[in-house]
Amino acid sequence: MKKLFAFTLSVAIVVSACAFGGCSSGDIGVIDGNYLEANAVQLEEALAKIDTNNPFVETTDKENCYGFKFNAAFNGSYEMNQLMSTSFSTVVDYKLSLDSSGAYPDLAGSGKLTSDNKSTLTVGGTSVTQESKYGVTVYNDYDYVYLNVTAGEVGKFKISFYDLINGMLVGYNEDIDENLPEEGDTETPPEDLTIAGILDKLETAGVKTYLDTSDGVKVKISITQDSVDKLIDEVIDSMEGEITEESSTEIKALLSSLKFNSMKFDIYLAFSSEGKFLKFGTDMDIDFSLDASSLSPSESISIGEMRIVLKGGMMIEMFNRIVTIPEGIADDPSYIEMNGI
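What counts and how
- Residues numbered from 1 in each chain as written.
- Predicted model: local features only at pLDDT ≥ 70, side-chain atom pairs only at ≥ 80, totals over all residues.
- Heavy atoms only, no water.
- Helix = DSSP H or I, 4+ residues; strand = E, 2+ residues; numbered from the N terminus.
- Buried < 20%, exposed > 50% of the residue type's maximum accessible area, 1.4 Å probe, protein only.
- Areas by Shrake-Rupley, 256 points an atom, 1.4 Å probe, with all protein chains shown as cover.
- Salt bridge = Lys/Arg side-chain N within 4 Å of Asp/Glu carboxyl O.
- Phe/Tyr/Trp six-rings, centres within 6.5 Å; stacked < 30°, edge-to-face > 60°.
- Patch = residues over 30% accessible without salt bridge, like charges linked within 9 Å, V, L, I, M, F, W, Y side chains within 5 Å.
- Lys, Arg positive; Asp, Glu negative; His and termini not counted.
- Charge placed at Lys NZ, Arg CZ, Asp CG, Glu CD.
- Core = buried A, V, L, I, M, F, W, Y, C linked by side-chain atoms within 4.5 Å.
- Contact = heavy atoms within 4.5 Å.
- Pairing = 2+ DSSP bridges.

Undergrad: Just checking my understanding: could you explain the overall build of the protein for this structure?
TA: If you tally the helices and strands in the protein, you get six helices and 13 strands. The buried share of the protein, taken over its 341 residues, is 33%. Working note: accessible area of the protein is about 20,300 Å², and carbon and sulfur atoms make up 53% of it.

Undergrad: Got a minute to help me understand the pattern of salt bridges in this structure?
TA: Two side chains with opposite charge may pair up if their charged atoms get near one another. The tally for this structure, following the rule as stated, stands at six salt bridges. For the salt bridge of K276 with D51, the shortest nitrogen-to-oxygen distance reads 2.9 Å. A residue pair is termed long-range when its members are at least 10 positions apart, and K276 in the loop between β10 (259-271) and β11 (277-291) and D51 in the loop between α2 (40-47) and β2 (65-80) qualify at 225 residues. Classification of D51 as partly exposed rests on a relative accessible area of 22%. Of the charged contacts in the structure, one is a salt bridge between K95 and D93, with a shortest N-O distance of 3.5 Å. Residue classification places K95 among the partly exposed residues on the basis of a relative accessible area of 25%. Residue classification places D93 among the partly exposed positions, given a relative accessible area of 31%.

Undergrad: Explain the packing of aromatic side chains here, please?
TA: When we look at a pair of aromatic rings, we describe it by the centre distance and by the angle of the planes. All told, the structure shown has six aromatic pairs when counted by the stated rule. Between Y146 and Y335, the aromatic rings sit 5.6 Å apart at their centres with planes inclined by 80°, giving edge-to-face as the arrangement. Of this pair, Y146 sits in strand β6 (residues 144-151) while Y335 is found in the loop between β12 (305-318) and β13 (336-338), placing the two residues 189 residues apart along the sequence. Looking at Y335, the relative accessible area reads 8%, which means it is buried. Between F260 and F288, the ring centres sit 5.7 Å apart and the planes meet at 50°, which makes this aromatic pair tilted. In this pair, F260 is assigned in strand β10 and F288 in strand β11, connecting sequence segments 28 residues apart.

Undergrad: How should a negative patch on the surface be read in this particular structure?
TA: Residues D229, D233, E234 and D237 make up a contiguous surface patch of negative charge. Positionally, E234 belongs in helix α5 (residues 225-238). What makes E234 exposed here is its relative accessible area of 54%.

Undergrad: Help me understand a nonpolar patch on the surface, please; the structure alone is not making it clear to me.
TA: A contiguous nonpolar surface patch, about 260 Å² in accessible area, is contributed by M84, L121 and V123. The exposed category is assigned to V123, whose relative accessible area is 58%.

Undergrad: What am I meant to see in the nonpolar core here?
TA: Proteins that are soluble and globular tend to have nonpolar side chains buried together. Membership of the largest hydrophobic core comes to 40 residues, with the highest contact counts inside it found for F70, L211 and M314. Per element, the largest residue contribution to this core is six residues, and it comes from β11.

Undergrad: Hey, could you run me through the side chain of S289 in this one?
TA: One can find S289 in strand β11. The contact partners of S289, leaving out residues within four places of it in the chain, are S257, L258, K259, E305, M306 and R307.

Undergrad: Would you take a moment to explain the environment of A46 for this structure?
TA: Mapped onto the elements of the fold, A46 is located in helix α2. According to the relative accessible area criterion, A46 is buried, its value standing at 2%. Between the alpha carbons of A46 and L211 there is a distance of 8.2 Å; along the sequence they are 165 residues apart. Setting aside its immediate chain neighbours within four residues, A46 contacts L211, T213 and V217.

Undergrad: How should the environment of T129 be read in this particular structure?
TA: Assignment of secondary structure puts T129 in strand β5 (residues 126-140). Exposure remark for T129: the relative accessible area of 44% places this residue in the partly exposed category. Expressed as a C-alpha distance, the spacing of T129 and S85, which sit 44 residues apart in the sequence, is 9.4 Å. The contacts of T129, once residues within four sequence positions are left out, are K118, S119 and T120.

Undergrad: Looking at this model, I keep getting lost on the pairing of β11. Mind explaining?
TA: Side chains on a regular strand alternate between the two faces of the sheet. Across the 15 residues of β11, eleven count as buried, placing the element largely inside the fold. With twelve bridges connecting them, β10 and β11 associate as antiparallel partners. By the bridge assignment, F265 is partnered in β11 with M284. Turn length for the β10-β11 hairpin, with the two strands adjacent in sequence and antiparallel, is five residues, and the turn residue G275 shows positive phi of about 80°. Bridge analysis of β11 against β12 gives 13 bridges, and the strand direction is antiparallel. Pairing of D287 across the sheet is with V309, part of β12.

Below, the structure written as structure tokens:
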């Protein structure tokens, strides 16, 4: 059970990194398959085939070495009436490997991030447009993350890997492992933590779950517009008595004006026939608008309709190679150390 928790936490860390980096157009996060909607029994039988004690496939290059490849590409836009508009496009490509065949484990990562951004602000009939482009080459070893910014604010920086991970895990309870059951424990989990209980909660929330077991195990989880509608209803209900009546009325009006032109958010997981992790992906196409007139600061400045578009995807998959980074980068004085991250 602890190994499964560690695996889940690892995936969560990478996904969190993606969320902060911005992520794609196209179907980069789609795992193809012949998916059929699954019930609780089918899902439980399928997930029982996953090797939770050792979910990762070892590479063929070197014993006790495995890695991950992370790709993401996202674009989006935000428009606020005739006052402001902004758009962005971000692409990430990163590879990470852990070689534990030697006396000491060797962690290495290498990749790039590029981002194009454009924003226009209109005041009194006059528009000002700003454009910016960023390019960052990233490496990491066991001690540091090295950033070589080649566009925008040019410079070289290095950040303590320990500080970075600590920052990402703010609020994580180090004692949580003590409360997890040991391997081999037969204690029955609470009903809402069983596969059937979880699936029931997903169905209640309007989330759809699909399976393809023709070759290994592939899972697809679709967050539908029905899911979002039910979430909005819960938010509105939860506000009763918590905020002022005036604020409650404004927020309800804002949420009630929400209109979707498109709503797709799919999550994918794929495991081999031996129960080994292969891929994790997300694919999204969200386009919605809402009337934000109630938030206007004055009668002369009307926010009006806001529209937000987010499209893209990400994929994390096993990487059967050992990553190399520039020799001597740890002692390169051109990288400025950043503390307190």
